[in-house]
Amino acid sequence: MATWRYKFETDVKLDGAFIALKSLFTDGTIKNMSSLLDYSPTKIAGLLRMNYKSFLIKIHQPWKFSTEHILLLSFIIDIDPTYIFNVIQSESQKHLKILSDNYIDKIKKENVKD
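Note that this is a predicted model, so its numbers are computed, not measured.

Colleague: Describe the pattern of salt bridges, and please don't skip the residues or the numbers.
Modeller: This model, assessed by the stated rule, comprises three salt bridges. Its salt-bridge partner being K22, residue D78 comes within 3.2 Å of it at the nearest N-O pair. Here K22 lies in helix α1 (residues 16-26) and D78 lies in the loop between α4 (67-77) and α5 (82-113), a separation of 56 residues in the sequence. What makes D78 partly exposed here is its relative accessible area of 26%.

Colleague: Outline helix α3 (residues 52-60), supporting the account with residue identities and numerical values.
Modeller: Among the residues of α3, those classed as buried are F55, K58 and I59. All buried residues of α3 fall inside an arc of 105° around its axis, so they share one side. For α3, exposure combined with an orientation more than 90 degrees from the buried face picks out K53 and H60. N-cap assignment for α3: the residue whose side-chain oxygen lies 3.1 Å from the backbone N of K53 is N51.

Colleague: Please provide a residue-by-residue account of the nonpolar core, values included.
Modeller: Within the largest apolar cluster, 23 residues are counted, with the highest numbers of intra-cluster contacts made by L21, F25, M33, L36, F55, F65 and L73. Counting residues per element, the ones that place at least two in this core are α1, α2 (41-47), α3, α4 and α5. Not counting residues up to four positions away in its chain, the partners in contact with F65 are M33, L48, M50, F55, K58, I59, I70 and I88.

Colleague: Go over the packing of aromatic side chains, please, and point to the residues and values.
Modeller: Enumeration according to the criterion identifies two aromatic pairs in this entry. Summarising the aromatic geometry, the rings of Y52 and F55 are spaced 6.4 Å apart at their centres and angled 40° between planes, so their arrangement reads as tilted. Note that Y52 and F55 are positioned in helix α3 at a spacing of three residues, about one turn of the helix. In this structure Y52 comes out as partly exposed when scored by relative accessible area, which is 37%. Look at F55 and F65: their rings are 6.5 Å apart centre to centre, the planes differ by 75°, and that puts the pair in the edge-to-face class. With F55 in helix α3 and F65 in the loop between α3 and α4, this pair connects stretches of sequence that are ten residues apart. Using a relative accessible area of 8% as the deciding quantity, one classes F65 as buried. Taken together through their ring pairs, the aromatic side chains of Y52, F55 and F65 make up a single cluster.

Parameters and conventions
- Residues numbered from 1 in each chain as written.
- Predicted model: local features only at pLDDT ≥ 70, side-chain atom pairs only at ≥ 80, totals over all residues.
- Heavy atoms only, no water.
- Salt bridge = Lys/Arg side-chain N within 4 Å of Asp/Glu carboxyl O.
- Helix = DSSP H or I, 4+ residues; strand = E, 2+ residues; numbered from the N terminus.
- Buried < 20%, exposed > 50% of the residue type's maximum accessible area, 1.4 Å probe, protein only.
- Arc of directions from axis to C-beta.
- Polar contact = N/O pair within 3.5 Å; in protein donor to acceptor, adjacent residues only side chain to side chain.
- Core = buried A, V, L, I, M, F, W, Y, C linked by side-chain atoms within 4.5 Å.
- Contact = heavy atoms within 4.5 Å.
- Phe/Tyr/Trp six-rings, centres within 6.5 Å; stacked < 30°, edge-to-face > 60°.

No statement about biological role is implied by the geometric values presented.
Okay, structure coming up:
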């Protein structure tokens, strides 16, 4: 697991949801990204520099979160980004299977034409 070389530090009091997210990700309580809707979703969306509608889309299609979003959230809540990536990977497998199957079907069709 990776650790952050520099810790996020601020004099500003962050929402308690950010503190809760650290333990919820690390203890495995969060099994899907839509669970973030229970923890100040407007503030999380603001942190990730997206409007609420974009946040909702990404929550339900987590493969659309950028690496920057994942790294920023993990930096702020001081966890290894692997925790978040693991949740997203688990949720994305079905979607990615469909995409990969579509690609294989396309290749098979192209090979038949040759």
